[in-house]
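Chain by chain, the residues run as shown.
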Amino acid sequence: SAVISQKPSRDICQRGTSLTIQCQVDSQVTMMFWYRQQPGQSLTLIATANQGSEATYESGFVIDKFPISRPNLTFSTLTVSNMSPEDSSIYLCSVEYRAGGTDTQYFGPGTRLTVL
Amino acid sequence: GENVEQHPSTLSVQEGDSAVIKCTYSDSASNYFPWYKQELGKRPQLIIDIRSNVGEKKDQRIAVTLNKTAKHFSLHITETQPEDSAVYFCAASESGSQGNLIFGKGTKLSVKP
């Protein structure tokens, strides 16, 4: 499977500020995604990061709040803008990786964000 | 859109017993159903998946069954061990796209020695 890294692994931020999370994969992948996992909850898809075009956002998530970049096939960033305590969550990137003729989705280690 | 229901939310078993977690989905076009295991503080790890052209898949102590007519799929863990303790999530792909995974709410499995 692909090796996925995220930076930072965790951060504590003040309300009203922004944080950019980086996701790096060790091989080229077509699909990259960003998820949010609130404490003790399930995973919710924020958006699909499209290489060379604007991200595709799920219902309830907007570009102004969660701008995403995907400059190439191995890297993506998610920015959490104008943060409030409700944004405290784990943010995970995932990639769809092809092995053995099938596509499977793997997750990065996550970024634990606390907003004060 | 797709909706995935998962039951039970918590499950406690004795070591060596079997554990079964069930999920239902709403979108008949969904065709990919993975299961992830998440240990405390760690990333979700794919443990098994099934595609709609197969009714059952097994990998050692873990098996998944799929009933497309009833739109439900289940995870079966046999001979449970304490290291199986974790939160398990089922997911379904939305509208046939493997990318847009919709997750169930998770099942916290505790295996008591």
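Everything below is about the structure shown above.
Residues numbered from 1 in each chain as written. Chains lettered and ligands numbered in written order. Predicted model: local features only at pLDDT ≥ 70, side-chain atom pairs only at ≥ 80, totals over all residues. Heavy atoms only, no water.

> Sorry if this is basic, but what is going on with the overall build of chain B here?
Tallying secondary structure elements over chain B gives 0 helices and 11 strands in all. Starting at the N terminus and ending at the C terminus, chain B contains elements arranged as β-β-β-β-β-β-β-β-β-β-β. Relative to the 2.2 N^0.38 estimate, which gives 13 Å for 113 residues, the radius of gyration of chain B is 13 Å and therefore close to what a compact globule would have. Along the first, second and third principal axes, the C-alpha set of chain B runs to 40 × 30 × 20 Å. Each of the 113 residues in chain B was classed as buried or not, and the buried ones make up 45%. For chain B, the proportion of contacts with a sequence separation of at least 24, taken over those separated by at least 6, is 55%. Surface accessibility of chain B: about 5500 Å² in total, with carbon and sulfur atoms responsible for 46%. A distance of 2 Å separates the average location of the 13 positive side-chain charges in chain B from that of its 13 negative side-chain charges. (Helix = DSSP H or I, 4+ residues; strand = E, 2+ residues; numbered from the N terminus. Rg over C-alpha atoms; globule rule 2.2 N^0.38 Å. Buried < 20%, exposed > 50% of the residue type's maximum accessible area, 1.4 Å probe, protein only. Contact = heavy atoms within 4.5 Å. Areas by Shrake-Rupley, 256 points an atom, 1.4 Å probe, with all protein chains shown as cover. Lys, Arg positive; Asp, Glu negative; His and termini not counted. Charge placed at Lys NZ, Arg CZ, Asp CG, Glu CD.)

> Which parts of the structure should I look at to understand the pattern of salt bridges?
All names here are of chain B. Inspection of the entire model under this criterion finds 5 salt bridges over all chains. Two residues, lysine 37 and glutamate 39, come together in a salt bridge whose shortest N-O distance is 3.7 Å. On the basis of relative accessibility, which here comes to 34%, the residue glutamate 39 falls in the partly exposed class. Here the salt bridges do not stand alone but share partners, grouping Asp49, Arg51 and Lys57 into one network. (Salt bridge = Lys/Arg side-chain N within 4 Å of Asp/Glu carboxyl O.)

> Would you mind showing me how to read the sheet that holds strand S8 (residues 75-80) of chain A here?
The pairing of strands in a sheet comes from backbone hydrogen bonds and takes either a parallel or an antiparallel form. Residues and elements named next belong to chain A. With antiparallel pairing, 4 strands are arranged side by side in an open sheet as S1-S3-S8-S7. Both outer strands of the open sheet, strand S1 (4-7) and strand S7 (68-72), are each paired with one neighbouring strand and no more. When strand polarity is set aside, the average angle formed by the axes of neighbouring strands in this sheet is 15°. Where strand S3 (residues 19-25) lies against S8, 6 bridges are found, and the strand directions are antiparallel. Within S8, the position partnered with glutamine 22 by the bridge is threonine 77. (Pairing = 2+ DSSP bridges. Axes fitted to C-alpha atoms, helices over the stretch in contact; angles between N-to-C directions.)

> Help me out: how do you make sense of the environment of A:Thr104 in this one?
With respect to the helices and strands, A:Thr104 occurs in strand S10 (residues 102-107). The exposure class assigned to A:Thr104 is buried, which follows from its relative accessible area of 8%. Sequence separation between A:Thr104 and A:Gln14 is 90 residues, and the spatial gap between their C-alpha atoms is 36 Å. The contact partners of A:Thr104, leaving out residues within four places of it in the chain, are A:Val95, A:Glu96, A:Tyr97, B:Tyr32, B:Leu46, B:Asp49 and B:Arg51.

> Is there a simple way to explain the packing of aromatic side chains in this structure?
The geometry of an aromatic ring pair is captured by two quantities: the separation of the ring centres and the angle between the planes. Residues and elements named next belong to chain B. Counted under the stated rule, the structure contains 13 aromatic pairs over all chains. Between tryptophan 35 and phenylalanine 73 the ring centres are 5.6 Å apart and the planes differ by 70°, which places this aromatic pair in the edge-to-face class. Here phenylalanine 73 lies in strand S8 (residues 72-77) and tryptophan 35 lies in strand S4 (residues 32-38), a separation of 38 residues in the sequence. Neither residue differs from the other here; tryptophan 35 and phenylalanine 73 are each classed as buried. (Phe/Tyr/Trp six-rings, centres within 6.5 Å; stacked < 30°, edge-to-face > 60°.)

> Would you mind going over the interface of chain B and chain A with me for this structure?
Where the parts come together, the accessible area they lose is often given as the size of the interface. The interface is formed by 18 residues belonging to chain B together with 20 residues belonging to chain A. Each partner contributes to the roughly 1500 Å² buried at the junction of chain B and chain A, and carbon and sulfur atoms together form 50% of this total. In this structure, the connection of chain B to chain A is made through 0 salt bridges. Where chain B packs against chain A, one counts 4 residue pairs in polar contact (both at pLDDT 80 or more). Among the elements of the structure, S4, strand S5 (45-51), strand S9 (86-94) and strand S10 (97-103) of chain B are those that each provide at least two residues to the side of chain B that touches chain A. At 5 residues, the largest contribution of residues to the side of chain B that touches chain A is made by S10(B). A per-class count over the side of chain B that touches chain A returns 7 nonpolar, 6 polar and 5 charged. (Buried area = accessible area lost by both parts, 1.4 Å probe. Polar contact = N/O pair within 3.5 Å; in protein donor to acceptor, adjacent residues only side chain to side chain. Nonpolar A, V, L, I, M, F, W, Y, C, P; charged D, E, K, R; others polar.)

Geometric values such as these leave the question of function open.
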